[in-house]
Amino acid sequence: MSAARAFSRRLLGVFARRDSDQRIAEELEFHLQMQAEENIRRGMAPDDALRAARISIGGVESVKESWRANRGLPLIESTLKDLRYALRMMRRNPGFTATVVFVLALGIGATTAVFSILYTLMLRPLPYSHSEQLIGLGEVNLKQPSGIMLGPARYANFTDWAAQNRVFSGVAAIRREAVIVNLDGQPERVRGECVSAEFFAILAMQPVRGRTLTKEDFRPGAPRTAVLSHRYWIKAFGGRTDALGRIVRIDGQRTMIVGVMPPRFRASLVEGGSRLWLPLIPDPRGTSDRAAFAYSVLARLRPGIPLERAQNDMDTIGRRLAQQYPEANQDWRVRVERIEDQLGLAARAPIARVLESLVALLLLIACANVANLLLARGAERRKEIALRLAMGAGRLRIARQLLMENLVLAAAGGLAGIVVAWWSVLALAKSSAGIFAEVGVSRFEIDGGVVLFAFGIAGATGITFGIIPAVRGSRSRVNETLKEAGAGYSAAGKKRRAANLLVTCQVALSLVLLITAGLVVTSMSQFWQFDWGFPLDRRLGIGLALSDQRYTDVTKRAAFFRDVLASASALPRVQTAALTSTNPIGQTAPMLRFRLESGAPAEANAAYRVVSPNYLRVLAIPLRNGRFLSETDTAAGEPVAVVNETMARRAWKPGQEPLGRQIEINGKWRTVVGIMADVMNQGMVGRSAYEVAVPLVQDPPHAAMLILHSEGDPLGLARPAISAIHKLDPDQPLDPVRTFEGLHADACGVFGFILSLIGSFAVIAVSLAAAGIYGVTSRSVAIRAREIGIRMALGAGRSRVVSDILREGLWLALAGIVPGALLSLLLLKVLLSKLWWLKAGAPGTIMPVSALLVAIALLACWFPARRATRVDPAATLRAE
């Protein structure tokens, strides 16, 4: 018989065991009767004949067991027995089961919720075939490395890479830009991407409706076409099929909708980032441009080509281009990165690491709590296990059965944890919908990967923290246990040491979590009082984005902005109006390289802002020296600039006066005419950088924000300002009107989201620590009931009993606080080096958090202590 056939027969024997047992019983009975009849023919009495037949066979039950071992799979059968027994034990102890499942649900649920958030935002696999072949290409300055993220590329270099490489099956350029879509006379600013011809072929995903862009769409003069994202198709067209073939105006041009991509299409790598895709048809005059870093480059590796070979190939091309175009490419190299690796970088960001560390601590606290409960149950079942050992059960068999019980409890905790995680992420997604709407994330997903993660955590928890109680339970000393009195056993010394150690660990881990969470919370709360460098009250912002097709000429853009300023300044209750190229609240100003005149230090980067003359006045930013931009700084006049005081102090050599000196930025030399005070120009989590402000008329941007300083409630200016702008251009789309206080609240939104997570971790940690102390104290009181009764009968007062029990809980808390404080200091030392905004206030935080834990520990001990004083001394003495 083949091995496969033998295994299949054994497997069938497991599931057909009842029929098999009946057949073997009938066959054994037949053989017994035949042997008994043979013995009777030999002259034996019937009873003696039957007895002799049984002896000759060797014992019916042993034969049955041997038959079962040969017919079935004993390991599977015994495992199924253990599983059924574990389920019966859960049903017989509903209180214990509910407690363990609840504790595991909190720990696993919190861990799964955080994993679900990180998975949705950063770790979800790309939905493309052979996504490991998708490569991002970027340019890196050898003198100033750009860090871990890919830098932008220049179009002329992209065309050379595509033509000269030998490792990619396709290379595509992407230029992200906001476009104006006019549907039924309603202009709307929409994020889009202009992509080159290889783009959709590289990603290799078919549209759900229509087609993608073809080579015909990239011919100069061809009718303009667009492909929509699934999200924008639903939002703008209601998911109607007649959207295909419809003509809409995008940036003033007639554009035909030709396709709709699937919901999971993530061209910009942040899901939902782009709403539509247009053909990238660069101006022939711009194909040789090696100055504008405006493109992302996507490529697909040929099958079998390693990443190292691709990097070597691009290094060769980079050196060749540096020799061919030394002025533009001398100090630049090409960087090759897998897209999947780039997406994983965000998950390794410091704040993500903080969340992962805190949730790991929370899971450890929950596991320690469960291990303590399992030890307590093992102590209660010592006699049961001793009896089973005395009856012949093997210690390995006992340990395996106990481990199965723990695994079943862990699986139930995993299921409950998924429910907790699902409820948590649903609530978090609802409360943070506005925060993640910009990247198209309306909910955090709990799919197969997240469920598998939850059960993996549950299984690891069950094995890691269930194997010690299982081994301890199987090592029960049979004789000593069976001789113990039926009312209980002594709980002194070694038998409570493991439980006390676990509680101490819980307190230590809780202290680490609470101190870390407290410092992060207090440090992040500073952002609600964040000083941008200017007041926020009575300021209103309205975003403008001009169409590239309708405002191609700089004079048209300058004239439109001049008219907007004049109309806005004439509105009632407007004190001052100004324009700026970037939103001062939360938006990072673009960083451009600048050069100083001969003899100055090496070139560096500065935040570049284009503003109108009233910019300082509308934001009440002090002028430190010189003058600010004025109406006399015209497009035809001398190019001028104003720098911030940090740049004035550091960019020039000591003793050099910046006023009147020359600075080159954005391709033009300018004279420094003023020095303004510093403001935060790199967002809330970036340090204030060098900043250069230039006149709006000398470099009119394509997008700007109109800032109005109101005499009263700024929202009262919203409707008049919008009407004034639409009188100048009815088709001009506007961003949502927001007060500066509202913009600040939006900038704080992600911190509020993180704080809600950390706050929930802290509450759960405290609850679990209190539950652990309560459980150990309750068990101690239950075991020592006879001792407490005897002491009270001998004259010990109730207050003395309460104080003794409270003292035990206090020592447990203090034993955990000392190592917890040391661990906290070590962890915070690491965090302070990673998070510049974290306040170094650990010593001041340890004391109040430790006092809180001590108070919670005493409260958790109070209830068992009160219950201990209700022991009846007379009943205890009668029992003795």
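On a predicted model such as this, the values are computed, not experimentally measured, just so you know. (Residues numbered from 1 in each chain as written. Predicted model: local features only at pLDDT ≥ 70, side-chain atom pairs only at ≥ 80, totals over all residues. Heavy atoms only, no water.)

(A) Highlighting the overall build of the protein chain. Counting its regular elements, the protein chain contains 28 helices and 22 strands. Looking at the 880 residues of the protein chain, the share that counts as buried comes to 49%. A separation threshold of at least 6 residues defines the contact pool for the protein chain, and within that pool the share at least 24 residues apart is 81%. Accessible surface for the protein chain amounts to roughly 41,800 Å². Of this, 58% is attributable to carbon and sulfur atoms. (Helix = DSSP H or I, 4+ residues; strand = E, 2+ residues; numbered from the N terminus. Buried < 20%, exposed > 50% of the residue type's maximum accessible area, 1.4 Å probe, protein only. Contact = heavy atoms within 4.5 Å. Areas by Shrake-Rupley, 256 points an atom, 1.4 Å probe, with all protein chains shown as cover.)

(B) Here's a closer look at the confidence of the model for the protein chain. Summarising the model, the protein chain shows a mean pLDDT of 78, and 77% of its residues fall at 70 or more. In this model, residues 485-493 is a region of pLDDT below 50 whose contacts with residues beyond four sequence positions or in other chains number 13 contacts. (pLDDT = per-residue confidence, 0-100.)

(C) Examining the packing of helix α7 (residues 155-164) against helix α10 (residues 307-324) more closely. Between α7 and α10, whose axes approach to 11 Å, the crossing angle comes to 130°. Here α10 runs oblique to α7, going by the angle between their axes. Handedness of the crossing formed by α7 with α10: right-handed. Seen from α7, the contacting residues are Asn157, Asp160, Trp161 and Gln164; seen from α10, they are Met314, Ile317, Arg320 and Leu321. Considered class by class, the residues forming the contact of α7 with α10 number 4 nonpolar, 2 polar and 2 charged. (Axes fitted to C-alpha atoms, helices over the stretch in contact; angles between N-to-C directions. Parallel < 35°, antiparallel > 145°, perpendicular 65-115°, else oblique. Left-handed = near helix turned anticlockwise from the far one by under 90°. Nonpolar A, V, L, I, M, F, W, Y, C, P; charged D, E, K, R; others polar.)

(D) The pairing of strand β1 (residues 134-141), seen in detail. Buried residues dominate β1, accounting for 8 of its 8 residues. By the alternation rule, side chains of β1 split into Leu134, Gly136, Gly138 and Val140 and Ile135, Leu137, Glu139 and Asn141, which are all buried. Two strands pair when backbone bridges link them, and β1 and strand β11 (residues 332-338) are joined in this way by 7 bridges, in the antiparallel orientation. Counted as the bridge partner of Leu137 is Val336 from β11. (Pairing = 2+ DSSP bridges.)

(E) A look at the nonpolar core. In terms of nonpolar packing, the biggest core is built from 113 residues, with Phe534, Phe740 and Phe761 touching the most fellow members. For this core, the leading source of residues is helix α24 (residues 740-783), giving 20 residues. Ignoring sequence-local partners within four residues, the contact set of Phe740 consists of Phe534, Leu536, Arg539, Leu540, Gly541, Pro584, Ile585, Leu619, Met705 and Ile707. (Core = buried A, V, L, I, M, F, W, Y, C linked by side-chain atoms within 4.5 Å.)

(F) Looking closely at the pairing of strand β14 (residues 591-596). Sheet analysis places β14 next to strand β15 (residues 604-611), joined by 4 bridges and oriented antiparallel. Across the sheet, residue Phe594 finds its bridge partner in β15, namely Ala604. Pairing geometry for β14 and strand β18 (residues 662-665), over 3 bridges, is antiparallel. Its bridge partner being in β18, Phe594 is matched across the sheet by Ile665.

(G) Structural detail: the pattern of salt bridges. Inspection of every chain in the model, using the stated rule, returns 15 salt bridges. Linking Glu193 and Arg176 is a salt bridge whose minimum nitrogen-to-oxygen distance equals 3.1 Å. Within this pair, whereas Glu193 is found in strand β4 (residues 186-195), its partner Arg176 is found in strand β3 (residues 168-183), the two being separated by 17 residues in sequence. Assessed through its relative accessible area of 1%, Glu193 is described here as buried. On the accessibility criterion, Arg176 (42% relative accessible area) is partly exposed. For Glu216, the salt bridge goes to Arg219, with nearest N and O atoms at 2.8 Å. Bridged by salt links that share partners, the residues Asp537, Arg538 and Arg539 form one connected network. (Salt bridge = Lys/Arg side-chain N within 4 Å of Asp/Glu carboxyl O.)

(H) The packing of aromatic side chains, seen in detail. If you walk through the whole model with that rule in mind, you get 11 aromatic pairs. Seen in terms of ring centroids, Tyr155 and Phe158 are 5.4 Å apart; in terms of plane orientation they differ by 55°. Their pairing is tilted. With Tyr155 and Phe158 both in helix α7 and 3 residues apart, the pair spans about one turn of that helix. Using a relative accessible area of 11% as the deciding quantity, one classes Tyr155 as buried. Residue classification places Phe158 among the buried residues on the basis of a relative accessible area of 6%. Arranged with centres 6.0 Å apart and planes meeting at 15°, the rings of Phe200 and Phe265 form a pair that is stacked. Here Phe265 lies in the loop between β8 (253-260) and β9 (276-279) and Phe200 lies in helix α8 (residues 199-203), a separation of 65 residues in the sequence. Among the aromatic residues, those joined into a cluster by ring pairs are Tyr128, Phe199, Phe200, Phe265 and Trp277. The ring of Trp332 carries the charged tip of Arg154 above its face, separated from the ring centre by 5.3 Å. (Phe/Tyr/Trp six-rings, centres within 6.5 Å; stacked < 30°, edge-to-face > 60°. Lys NZ or Arg CZ within 6 Å of the ring centre and 35° of its normal.)

(I) Layout of the environment of Leu402. As for its placement among the helices and strands, Leu402 is situated in helix α15 (residues 395-431). Along the chain, Leu402 and Leu374 lie 28 residues apart, while their C-alpha atoms are 9.7 Å from each other.

(J) Highlighting a positive patch on the surface. A contiguous patch of positive charge on the surface is contributed by Lys81, Arg84, Arg88, Arg91 and Arg92. Assignment of secondary structure puts Arg88 in helix α5 (residues 74-92). (Patch = residues over 30% accessible without salt bridge, like charges linked within 9 Å, V, L, I, M, F, W, Y side chains within 5 Å. Lys, Arg positive; Asp, Glu negative; His and termini not counted. Charge placed at Lys NZ, Arg CZ, Asp CG, Glu CD.)

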